[in-house]
Amino acid sequence: MSKAKQRPLSPYLLGPYYRFEFPTVLSLSYRFTGIFMSLILAPLACLWMLMFALGEAQFNAMQAFMGSFIGTALAWLAALVMSYHLFGGIRHLLWDSGRFMSKEEIRSTGVVTVIATLALWVFVLWGAS
């Protein structure tokens with residue numbers, strides 16, 4: 001057998017060759033939440049502050065949008081995304097310090113990250129209602 005056939009398969013070869021594992025899904029989710037916050041939440045927050053600066057009518061229009069079904073769903077999603085990114089970032093900081101690097105610890109910190117994310121998300125939604 002040649003050396004090329006002995007090498008591990010790349011995760012970019014999806015399908016029958018590679019299956020996503022829990023740490024892979026968490027890693028991709030962490031990246032996507034960062035992109036979502038950068039491309040959606042940050043501009044939305046800037047727009048909200050701009051509407052406040054432009055006057056009462058514009059701010060009331062923004063408040064009406066945020067009170068609509070789409071705005072409420074976006075706020076719920078924002079709370080979930082920011083919660084996950086917070087705990088994922090803490091997890092990455094722990095890895096940067098050289099802690100929790102075994103396979104078992106990576107999986108267990110992933111589970112803790114998901115549970116903490118959901119707990120904070122529910123707490124935020126409960127507090128907002």
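The structure we're discussing is the one just above.
The sections below set out a description of the structure shown in this document.

Here we look at unusual backbone geometry
- Notably, phenylalanine 100 is not glycine yet its phi reads approximately 55 degrees, a positive angle.
- Here phenylalanine 100 shows up in the loop between α4 (69-96) and α5 (103-128).

Digging into the nonpolar core
- Counting residues in each nonpolar core, the largest one holds nine residues, listed as Phe36, Leu41, Leu44, Met51, Met62, Met66, Leu74, Ala78 and Val81.
- Those elements giving two or more residues to this core turn out to be α2 (22-54), α3 (56-67) and α4.
- Take this core: its biggest share by element is four residues, from α2.
- Not counting chain neighbours up to four residues away, the residues in contact with methionine 66 comprise Leu44, Trp48, Gly71, Thr72 and Ala75.

Details of the environment of alanine 61
- With respect to the helices and strands, alanine 61 occurs in helix α3.
- With 13 residues separating them along the chain, alanine 61 and tryptophan 48 place their C-alpha atoms 9.9 Å apart.

Observations regarding the pattern of salt bridges
- What the rule picks out here adds up to one salt bridge.
- Of the charged contacts, one joins glutamate 21 and arginine 107 as a salt bridge, the two residues approaching to 3.2 Å between their closest N and O atoms. Of the two residues, glutamate 21 is situated in the loop between α1 (3-6) and α2 and arginine 107 in helix α5; the sequence distance between them amounts to 86 residues.

Rules behind the numbers
- Residues numbered from 1 in each chain as written.
- Predicted model: local features only at pLDDT ≥ 70, side-chain atom pairs only at ≥ 80, totals over all residues.
- Heavy atoms only, no water.
- Helix = DSSP H or I, 4+ residues; strand = E, 2+ residues; numbered from the N terminus.
- Core = buried A, V, L, I, M, F, W, Y, C linked by side-chain atoms within 4.5 Å.
- Buried < 20%, exposed > 50% of the residue type's maximum accessible area, 1.4 Å probe, protein only.
- Contact = heavy atoms within 4.5 Å.
- Salt bridge = Lys/Arg side-chain N within 4 Å of Asp/Glu carboxyl O.

Note that every value here comes from positions in space, so none of it alone points to a role or purpose.
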